[in-house]
Amino acid sequence: HRRSWMDRLKTGLSKTSSNLSLLFVGAKIDEYLYEELEAALLMSDAGMDATQFLLDALRLKVKQDKLLDAAAVKVALKGLMIDMLRPLEKPLELGRHEPLVMMISGVNGAGKTTTIGKLAKHMQAHHQSVLLAAGDTFRAAAREQLMVWGQRNGIIVVSQASGDPAAVAFDAVQSGKARSVDVVMVDTAGRLPTQLHLMEELKKIKRVIGKGMDGAPHETLLVIDGNTGQNALTQVKAFDDALGLTGLVITKLDGTAKGGVLAAIARARPVPVYFIGVGEKIEDLQPFNATEFVEALLG
Ligand code: GDP
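Residues numbered from 1 in each chain as written. Predicted model: local features only at pLDDT ≥ 70, side-chain atom pairs only at ≥ 80, totals over all residues. Heavy atoms only, no water.

Enquirer: Could you give me a rundown of the overall build of the protein, with the residues and numbers involved?
Expert: The helix and strand inventory of the protein stands at 12 helices and eight strands. Taken against the 2.2 N^0.38 rule, which gives 19 Å for 299 residues, the C-alpha radius of gyration of the protein at 21 Å falls within 12% of a compact globule. Principal-axis analysis of the C-alpha atoms places the extent of the protein at approximately 65 × 45 × 35 Å. Look at the contacts in the protein between residues 6 or more apart in sequence, and 76% of them connect residues 24 or more apart. Entry remark: accessible area of the protein is about 13400 Å², with carbon and sulfur atoms responsible for 54%. (Helix = DSSP H or I, 4+ residues; strand = E, 2+ residues; numbered from the N terminus. Rg over C-alpha atoms; globule rule 2.2 N^0.38 Å. Contact = heavy atoms within 4.5 Å. Areas by Shrake-Rupley, 256 points an atom, 1.4 Å probe, with all protein chains shown as cover.)

Structure representation (structure tokens):
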């Protein structure tokens, strides 16, 4: 019997949640509490800016509402965090375009391949037919695996043996239109924001997709590993600068993620978080919900 995804999320974020919760146990509301809170938020990867913002807002709320006990301060912090993260909530809307064209990027190991499988399953559950462009032209074995996986799961996989990834993407869009599929997902090879030529290649893929269909890609997603800490924000900024992101998927939040980086993202670069990854299995993808997330983070 598998534990519920919320339990797995709670376990994943338990380091931060226990740090934060312990602070409030029997605490007096004094400078010491704020200092401890600052340290715990920084440890959670929230970063300086989000941490200061939360602390300032909390001090104000404590004063305005004349809060006298630690439990009430904790509830106030929870409310402020939910307010902070709520702008990141946005459902991925299907069926707006025929086909809906999505481009998916990320660094190696972020969970991109796993997430694409989960997304395809999500689309199918919503009665959307899916075509996948195997844009990761670097890894032949990965491509083969993808073809087999596609056949088994009723997903058309478009691939080219020695292809230019932009050409694969273009073909996929053409093919998606010709076959009247609902969703075209264009996978791209993993790359680091510091690999400038590969970032240029990503821009080119996006441009060429637009030549295949006006206004496409309609969604430009970045998959990030929830365990990368503050580096996740660097990735969001770099990929957003290069591509103009419309959404994020944050993976591995069931692992040992600290969670605070979502606050940093909300402050510095509020790209919507469409989904979070809460496990390795195909169904372990959940729409992001600020209240649920803060519930897991603060208990
Ligand atoms: P890629 O290099 O970005 O394509 O990464 P993969 O999709 O191959 O994933 C790398 C590893 O992370 C694999 O072992 C996946 O099973 C694992 N993984 C991906 N998403 C999640 C998640 O949400 N939770 C957990 N626990 N593991 C994940």
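That shown, we press on.
Enquirer: How would you summarise the side chain of Lys-78 if you had to cite specific residues and measurements?
Expert: Structurally, Lys-78 is set in helix 5 (residues 70–85). The buried category is assigned to Lys-78, whose relative accessible area is 17%. (Buried < 20%, exposed > 50% of the residue type's maximum accessible area, 1.4 Å probe, protein only.)

Enquirer: Any details on helix 10 (residues 231–243)? Residues and values, ideally.
Expert: With 13 residues, helix 10 extends 18 Å from end C-alpha to end C-alpha; this agrees with the ideal 18 Å at 1.5 Å per step. Looking at helix 10, one finds that the buried residues are Ala-232, Leu-233, Gln-235, Val-236, Phe-239, Asp-240, Ala-242 and Leu-243. Looking at the buried side of helix 10, the elements it contacts are strand 1 (100–106), helix 9 (196–212), strand 5 (219–225), strand 6 (247–251) and helix 11 (261–268). Looking one or two residues beyond helix 10, the residue adopting positive phi is Gly-244, at roughly 70°. (Expected span 1.5 Å × (residues − 1).)

Enquirer: Outline the side chain of Thr-115, supporting the account with residue identities and numerical values.
Expert: Tracing the chain through its elements places Thr-115 in helix 6 (residues 112–125). For Thr-115, a relative accessible area of 1% translates into the label buried.

Enquirer: Report on the layout of surface pockets, specifying residues and quantitative values.
Expert: Taken as a whole, the largest pocket holds about 190 Å³ of empty space. Lining the largest pocket are Thr-113, Gly-117, Ala-134, Asp-136, Arg-139, Ala-142, Arg-143, Gln-145, Leu-146, Trp-149, Asp-187 and Ile-282. Mapped by element, the contributors of at least two residues to the lining of the largest pocket are helix 6 and helix 7 (140–153). Top contributing element to the lining of the largest pocket by residue count: helix 7, with five residues. Tallied by class, residues from the lining of the largest pocket come to five nonpolar, three polar and four charged. (1 Å grid on protein atoms, 1.4 Å probe; cavity = no way out; pocket = protein on both sides within 12 Å on 5 of 7 lines; lining within 4 Å. Points joined across faces, edges and corners; volume = space filled by probe spheres on them. Nonpolar A, V, L, I, M, F, W, Y, C, P; charged D, E, K, R; others polar.)

Enquirer: Tell me about the site of the ligand, residues and numbers included.
Expert: Not every one of the 16 residues close to the ligand is listed here, only the nearest: Gly-109, Lys-112, Thr-113, Thr-114 and Glu-280. Lys-112 places a polar main-chain atom, nitrogen or oxygen, 2.7 Å from an oxygen atom of the ligand. One of the side-chain nitrogen or oxygen atoms of Glu-280 is found 2.7 Å away from an oxygen atom of the ligand. For the ligand, the protein covers 75% of the area, taking 580 Å² as the surface of the free molecule. Here the shell around the ligand is composed, by residue class, of three nonpolar, eight polar and five charged. (Near = heavy atom within 4 Å. Polar contact = N/O pair within 3.5 Å; in protein donor to acceptor, adjacent residues only side chain to side chain.)

Enquirer: I'd like a description of the nonpolar core, backed by residues and values.
Expert: Among the nonpolar cores identified, the biggest contains 104 residues, and Leu-9, Leu-85 and Met-185 are the most heavily contacted of them. Tallying contributions element by element places helix 5 first for this core, with nine residues. When sequence neighbours within four positions are dropped, the list of residues in contact with Met-185 reads Met-102, Ile-104, Ile-116, Leu-119, Ala-120, Val-130, Leu-131, Leu-132 and Ala-133. (Core = buried A, V, L, I, M, F, W, Y, C linked by side-chain atoms within 4.5 Å.)

Enquirer: Account for the UniProt feature "domain: SRP54-type proteins GTP-binding" (unreviewed entry) in the protein, naming residues and giving values.
Expert: In the numbering used here, UniProt assigns the feature "domain: SRP54-type proteins GTP-binding" (unreviewed entry) to residues 272–285. Taken end to end, residues 272–285 comprises 0% helix and 43% strand; its first and last C-alpha atoms sit 15 Å apart. (UniProt positions renumbered as here; feature names shortened; annotations may be inferred.)

Enquirer: Can you lay out the pairing of strand 6 for me, pointing to particular residues and giving the numbers?
Expert: Within strand 6, five of the five residues are buried, which leaves it mostly tucked inside the rest of the structure. Burial of strand 6 is two-sided: the residues Gly-247, Val-249 and Thr-251 facing one way and the residues Leu-248 and Ile-250 facing the other way are all buried. Relative to strand 6, strand 5 runs parallel, the two sharing five bridges. What sits directly across from Leu-221, in strand 6, is Gly-247. After leaving strand 5, the chain enters helix 10 and then returns to the sheet as strand 6, a path that is right-handed. Note that strand 6 and strand 7 (residues 273–277) share three bridges and pair parallel. Residue Val-249 lies in a different strand from strand 7, and its bridge partner there is Phe-275. Note that the unit made of strand 6, helix 11 and strand 7 has a crossover that is right-handed. (Pairing = 2+ DSSP bridges. Right-handed = clockwise from strand over helix to strand, strands pointing away.)

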